[in-house]
Amino acid sequence: MAVYIDPPLWPAHGTLFSHLISDTSLAELHAFAASAGIPERAFDIDHYDVPARRYRRLAELGAHEVDGGTLVRVLIASGLRVPARRRPDRIRRSLLTRWEQTLPGTPHLGAEVLGRWSEPHRRYHTPEHLLDVLEALDLLFTDNDDADTRLHARLAAWFHDAVYNGRAGEDEEASAVLAGSLLEGIVEGRAEVMRLVLLTTTHAPQEGDRPAELLCDADLAVLGRAPGGYRRYLAAVREEYAHVPDPEFARGRAAVVDRLSSLDPLYRTAEGRCLWAAKAQQNLSAEAAALR
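Residues numbered from 1 in each chain as written. Predicted model: local features only at pLDDT ≥ 70, side-chain atom pairs only at ≥ 80, totals over all residues. Heavy atoms only, no water.

1. Points about unusual backbone geometry
Short version of the rule: Here a strand is any run of E in DSSP of at least two residues, a helix any run of H or I of at least four, and the numbering for each starts at the N terminus. Only protein chains enter the accessibility calculation, which uses a 1.4 Å probe; a residue is then buried when its area is under 20% of its type maximum, exposed when over 50%, and partly exposed in between.
Residue D264 is joined to P265 through a cis peptide bond whose omega torsion reads 0 degrees. In this fold, P265 is placed in the loop between α12 (246-262) and α13 (270-291). Residues other than glycine seldom take positive phi values, yet H13 does so here, at roughly 55 degrees. Position of H13 among the secondary structure elements: in the loop between β2 (10-12) and β3 (15-22). Given the relative accessible area of 77%, H13 is considered exposed.

2. Things to note about the pairing of β3
To keep things clear, this is the line we draw: Two strands make a pair as long as DSSP finds a minimum of two bridges between them.
Within β3, six of the eight residues are buried, which leaves it mostly tucked inside the rest of the structure. For strand β1 (residues 3-5) and β3, the ladder comprises three bridges, and the chain directions are antiparallel. Note on β3: the bridge partner recorded for I5 is L20. When β2 meets β3, the two strands line up antiparallel, connected through three bridges. Paired with W10 across the bridge in β3 is F17. Connecting β2 to the next strand, β3, in antiparallel fashion are two residues, including H13 with a positive phi near 55 degrees. Strand direction decides the pairing type here: β3 and strand β5 (residues 47-51), joined by four bridges, are antiparallel. Counterpart to F17 in the pairing with β5 is P51.

3. Structural notes on the nonpolar core
Using the following cut-off: In this text, buried Ala, Val, Leu, Ile, Met, Phe, Trp, Tyr and Cys residues form a nonpolar core when linked through side-chain atoms within 4.5 Å. Residues count as neighbours in contact if any of their non-hydrogen atoms are within 4.5 Å of one another.
W158, F159, L183 and L223 are the most contacted members of the largest nonpolar core, which has 58 residues in total. Leave out the neighbours within four places in its chain, and L223 touches Y230, Y233, L260, L266, Y267, K279, A280, N283 and L284. By size, the runner-up hydrophobic cluster in this structure holds 24 residues, among which are L20, L29, F32 and A36.

4. Quick notes on the side chain of H160
To keep it simple, the criterion reads: By the criterion applied in these results, polar contacts are pairs of N or O atoms within 3.5 Å in which, for protein atoms, one can donate a hydrogen and the other can accept it, and in which residues neighboring in sequence qualify only through two side-chain atoms.
Note on placement: H160 falls in the loop between α7 (147-159) and α8 (170-182). Of the polar contacts made by the side chain of H160, one reaches the backbone oxygen of A157; its length is 2.6 Å. With near-sequence residues (within four places) excluded, H160 lies in contact with W117, H129, V133, S175, V197, T200 and D219.

5. Points about the layout of surface pockets
Operational definition: Grid points spaced at 1 Å and placed over the protein atoms alone form the basis of the search, with a cavity being a set where a 1.4 Å probe fits but cannot get out and a pocket an open set showing protein on both sides within 12 Å along at least five of seven lines. Lining residues have an atom within 4 Å of a point. Grid points are joined across faces, edges and corners, and a volume is the space filled by probe spheres set on the points.
Its volume calculated, the largest pocket comes out at about 1000 Å³. In terms of lining, the largest pocket is formed by 36 residues, of which the most central are F43, I45, R122, R123 and T126. Of all the elements in the fold, those that place two or more residues in the lining of the largest pocket are α1 (26-35), β4 (43-44), α4 (88-102), α5 (107-117), α6 (127-140) and α11 (227-240). Counting residues per element, the lining of the largest pocket draws most heavily on α11, at five residues.

6. What to know about the pattern of salt bridges
What counts is decided by this rule: For this analysis, a salt bridge means a side-chain nitrogen from Lys or Arg found within 4 Å of a carboxyl oxygen belonging to Asp or Glu.
What the rule picks out here adds up to 17 salt bridges. Where D44 meets R87, a salt bridge forms, and the shortest distance between an N and an O atom there is 3.5 Å. Of this pair, D44 sits in strand β4 while R87 sits in the loop between α3 (68-78) and α4, and the two are 43 residues apart along the sequence. By relative accessible area, R87 is classed as partly exposed at 22%. One salt-bridge network, held together by shared partners, links R98, D138 and R154.

7. Description of the packing of aromatic side chains
Basically, it comes down to this: Note on aromatic contacts: the rings of Phe and Tyr and the six-membered ring of Trp form a pair at centre separations within 6.5 Å, being stacked when their planes are under 30 degrees apart, edge-to-face when over 60 apart, and tilted otherwise. Two conditions define a charge sitting above a ring: the NZ of Lys or the CZ of Arg must be within 6 Å of the ring centre, and it must be within 35 degrees of the ring normal.
On inspection of all chains with the given rule, the structure shows six aromatic pairs. With a centroid separation of 5.1 Å and 55 degrees between ring planes, the pair formed by F43 and Y48 is classed as tilted. Each ring, one from Y124 and one from Y233, has its centre 5.1 Å from the other, and the planes form 65 degrees; the classification is edge-to-face. Of the two residues, Y124 is situated in the loop between α5 and α6 and Y233 in helix α11; the sequence distance between them amounts to 109 residues. Taken individually, Y124 and Y233 each receive the classification buried, so the pair is uniform in this respect. Taken together, the aromatic side chains of Y124, Y230 and Y233 make up a single cluster linked through ring pairs. Here the guanidinium or amino end of R122 rests over the ring plane of W117, the centre of that ring lying 5.5 Å away.

The quantities given are spatial measurements derived from coordinates; they are silent on function.
Given below as structure tokens:
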């Protein structure tokens, strides 16, 4: 693991700025920045902006000096880079557009649900994850999936982590209750949406339960990312549990990996298996080995 810094060449606020990144872990980057006295407000999604006057001191503290092109390549290879389309403002616009397409004429409701996903304590269960799940559903739907199946799966995606406090089981139950409350009088199939939300507790739907299989596969699509993207997912999960000591977190994460690895099949739809199964198995196996 290493921290990198490029030369102060980027003008803003009457001075020049450098970018400070990690090649492996946002947690490492935050720890380095904190130890160097860099304020949290200097963090911008995947890097810190630091003024020229701090450059030499950060290099002395261990930040590797590289040119701007090398820094970008390192950040991309790390899997921690957030592309422009994944910036919070763009994600928000995209999600609100999707909500309007799903339940036209209810923008206030979409904004309320999105507000819950945007709570400051979240690091992985964020609007970005919500968009990932919705985009994964788009890849999984086939011509055989009727309008109700698509509607219920999409709404369940919106609500499946709408309540998130890091308490497995309780969060899903509270999210299902929220879905039932907010969708009352708006969606006839709100009971089906609630049922689907609850199934994300185990990700083990009954065979042939197509809406549940679609939702669970979409929620687990992150496991089938390329290695760099998988590292970014792991970094976000670790940040979300930053209050948990490393040994305790490692034990808990190992249990999660074991449970996911034991799902047979991990992906219930043929489309999900084709898209993500091979990479997911590689990622889970590599993570299990690292945890051991």
